[in-house]
Amino acid sequence: MTIDLYSGIFAAGVTIGVVLAVVAQIRSATSWRWWAVPAFALGWLAAMVAALSRLDELGEGGSLTAHIVQHVALGDVAAPLLLLGLPPAAGGALGAWYARATGGGGRGARVLAAVLSPLGAAALWIAATFFWLVPAIHRSAIPDGPVHLLDHLSFLVFGLLLWLAVFDMREGTRVTDWDSFVRSLRTCDLPWWGRHGYAMATRVALIPAIAAIWILPSDAYFLPGQTPPGGLTRHEDQVQAASMMLGFEILLFVASLILGFVFAALAEGRERASAEPP
């Protein structure tokens, strides 16, 4: 298997970013939680698998399933793991930059705050996902080249943007009522239950994209003359890609739901413990 030029450029860029974050952490005085280290490493590994493994070769060779798996690996596996395991030194630097960049009160600061807010991030992520599923645009991203690179970069960057609301290191307004919750949706720092609800809502938002993959004509997502590997017909490959994506998003939805109940039970237990007399 050979590594294509633009896939290699993407992998090198991600690796450089990861190395810089680790170096900043080593040079800082902050501690890195033990479980965050493997999470960060796994996030990098997921990005490398998406760009440098046989998945990339299969996607370029006509497998829609492999191409969609790459999208999922970058946006729904690598991105959240990289944020979950982000070195505290890098997180602190990004948080300080965010405070400076959005604290000026000008138009640029307001636009940046809106883009990096949960609502803004979700809107951009949904728009990017549907953009790359437009048949003509998808076909242009199949062969290795600048568009192929932008496809990879888009799903990782917008995935990071989306999952930032779930694993947010920024400090915002404390949520005490509905109005403050709406403000957190437009700024940052959702409460724990808002983060779980946000994760589940974004999974539901993908249903139209999955339906499009399933029902569009069989030549929509393939270059002329391309045949999916493995003996599948084009339609069978489309159904397989949509089924895989649907199954993965259901798993994420259910995991968010279960964790939401777990956190609710823990929060209730802490409230009862604090209410009991010493």
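Everything discussed here concerns the structure shown above.
The paragraphs below set out a description of the structure included in this document. (Residues numbered from 1 in each chain as written. Predicted model: local features only at pLDDT ≥ 70, side-chain atom pairs only at ≥ 80, totals over all residues. Heavy atoms only, no water.)

1. Describing the overall build of the chain
Link 1 in the chain: What the chain contains, in helices and strands, is 13 helices and 0 strands.
Link 2 in the chain: Its C-alpha atoms give the chain a radius of gyration of 20 Å, near enough to 19 Å, the size a compact globule of 278 residues would have.
Link 3 in the chain: Across the chain, every contact between residues at least 6 apart in sequence was considered, and the portion connecting residues at least 24 apart equals 74%.
Link 4 in the chain: A total of about 14200 Å² of accessible surface is found on the chain, and carbon and sulfur atoms cover 71% of it.
Link 5 in the chain: Counting 16 positive and 19 negative side-chain charges, the chain places the averaged centre of each group 10 Å from the other. (Helix = DSSP H or I, 4+ residues; strand = E, 2+ residues; numbered from the N terminus. Rg over C-alpha atoms; globule rule 2.2 N^0.38 Å. Contact = heavy atoms within 4.5 Å. Areas by Shrake-Rupley, 256 points an atom, 1.4 Å probe, with all protein chains shown as cover. Lys, Arg positive; Asp, Glu negative; His and termini not counted. Charge placed at Lys NZ, Arg CZ, Asp CG, Glu CD.)

2. Description of a nonpolar patch on the surface
Link 1 in the chain: Judged by side-chain polarity, Trp 192, Trp 193, Trp 214, Ile 215, Leu 246, Ile 250, Val 254, Ile 258, Leu 259, Val 262, Phe 263 and Leu 266 come together as a nonpolar surface patch covering roughly 1100 Å² of accessible area.
Link 2 in the chain: When contributions to the nonpolar patch are tallied by element, the ones reaching two or more residues are helix H11 (192–204), helix H12 (207–215) and helix H13 (234–275). (Patch = residues over 30% accessible without salt bridge, like charges linked within 9 Å, V, L, I, M, F, W, Y side chains within 5 Å. Salt bridge = Lys/Arg side-chain N within 4 Å of Asp/Glu carboxyl O.)

3. Topic: the pattern of salt bridges
Link 1 in the chain: Applying the stated criterion to the full structure yields 3 salt bridges.
Link 2 in the chain: Two residues, Glu 57 and Arg 54, come together in a salt bridge whose shortest N-O distance is 3.3 Å. Taken together, the positions of Glu 57 and Arg 54, both in helix H3 (residues 54–60) and 3 residues apart, correspond to about one turn of that helix.
Link 3 in the chain: Overall, Glu 57 belongs to the partly exposed group, its relative accessible area being 39%.
Link 4 in the chain: The partner of Asp 76 in a salt bridge is Arg 203, and the shortest N-O contact between them spans 3.1 Å. With Asp 76 in helix H4 (residues 64–84) and Arg 203 in helix H11, this residue pair connects regions lying 127 residues apart in the sequence. The burial state of Asp 76 is the same as that of Arg 203; both residues are buried.
Link 5 in the chain: Among the charged side chains, a salt-bridge network with shared partners connects Asp 76, Arg 203 and Glu 249. (Buried < 20%, exposed > 50% of the residue type's maximum accessible area, 1.4 Å probe, protein only.)

4. So, the packing of aromatic side chains
Link 1 in the chain: Under the definition given, this model contains 5 aromatic pairs.
Link 2 in the chain: On the numbers, 6.2 Å between centres and 25° between planes, the contact of Trp 163 with Phe 167 is stacked.
Link 3 in the chain: Judged by relative accessible area, which is 27%, Phe 167 ranks as partly exposed.
Link 4 in the chain: For the ring pair Trp 178 and Phe 181, a centre distance of 5.5 Å and an interplane angle of 45° mean the geometry is tilted. With Trp 178 and Phe 181 both in helix H10 (residues 178–186) and 3 residues apart, the pair spans about one turn of that helix.
Link 5 in the chain: Taken together, Trp 178, Phe 181 and Trp 193 form an aromatic cluster joined through their ring pairs. (Phe/Tyr/Trp six-rings, centres within 6.5 Å; stacked < 30°, edge-to-face > 60°.)

5. Some details on the nonpolar core
Link 1 in the chain: Counting 58 residues, the largest nonpolar core has Ile 68, Trp 163, Tyr 198 and Ile 213 as the members making the most contacts within it.
Link 2 in the chain: In terms of residue count, the dominant contributor to this core is H4 (9 residues).
Link 3 in the chain: If near-sequence neighbours (up to four positions away) are discounted, Ile 213 is found in contact with Leu 64, Ile 68, Leu 133, Tyr 221, Gln 238, Ala 241, Ala 242 and Met 245. (Core = buried A, V, L, I, M, F, W, Y, C linked by side-chain atoms within 4.5 Å.)

6. Description of helix H7 (residues 118–132)
Link 1 in the chain: Here H7 contains 15 residues, and its C-alpha end-to-end distance of 21 Å stays within 8% of the 21 Å for a straight helix at 1.5 Å per residue.
Link 2 in the chain: Burial in H7 covers these residues: Pro 118, Gly 120, Ala 121, Ala 122, Trp 125, Ala 128, Thr 129 and Trp 132. (Expected span 1.5 Å × (residues − 1).)

7. Thoughts on empty space enclosed by the protein
Link 1 in the chain: With the rule as written, the count across this model stands at 3 cavities of 30 Å³ or more.
Link 2 in the chain: By volume, the largest cavity is sized at about 130 Å³.
Link 3 in the chain: If you go around the largest cavity, the residues you meet are Ile 68, His 71, Val 72, Gly 75, Asp 76, Trp 125, Thr 129, Leu 133, Phe 155, Leu 206, Met 245 and Glu 249.
Link 4 in the chain: The set of elements that each furnish at least two residues to the lining of the largest cavity consists of H4, H7 and H13.
Link 5 in the chain: In terms of residues, the lining of the largest cavity owes the most to one element, H4, which gives 5 residues.
Link 6 in the chain: Here the residues of the lining of the largest cavity sort into 7 nonpolar, 3 polar and 2 charged.
Link 7 in the chain: Taken as a whole, the second largest cavity spans an internal volume of roughly 40 Å³.
Link 8 in the chain: Considering the residues around the second largest cavity, the lining is formed by Gly 59, Gly 62, Ser 63, Leu 64, His 67, His 138, Ile 142, Tyr 221, Phe 222 and Gln 226.
Link 9 in the chain: Tallied by class, the residues present in the lining of the second largest cavity amount to 4 nonpolar, 6 polar and no charged. (1 Å grid on protein atoms, 1.4 Å probe; cavity = no way out; pocket = protein on both sides within 12 Å on 5 of 7 lines; lining within 4 Å. Points joined across faces, edges and corners; volume = space filled by probe spheres on them. Nonpolar A, V, L, I, M, F, W, Y, C, P; charged D, E, K, R; others polar.)

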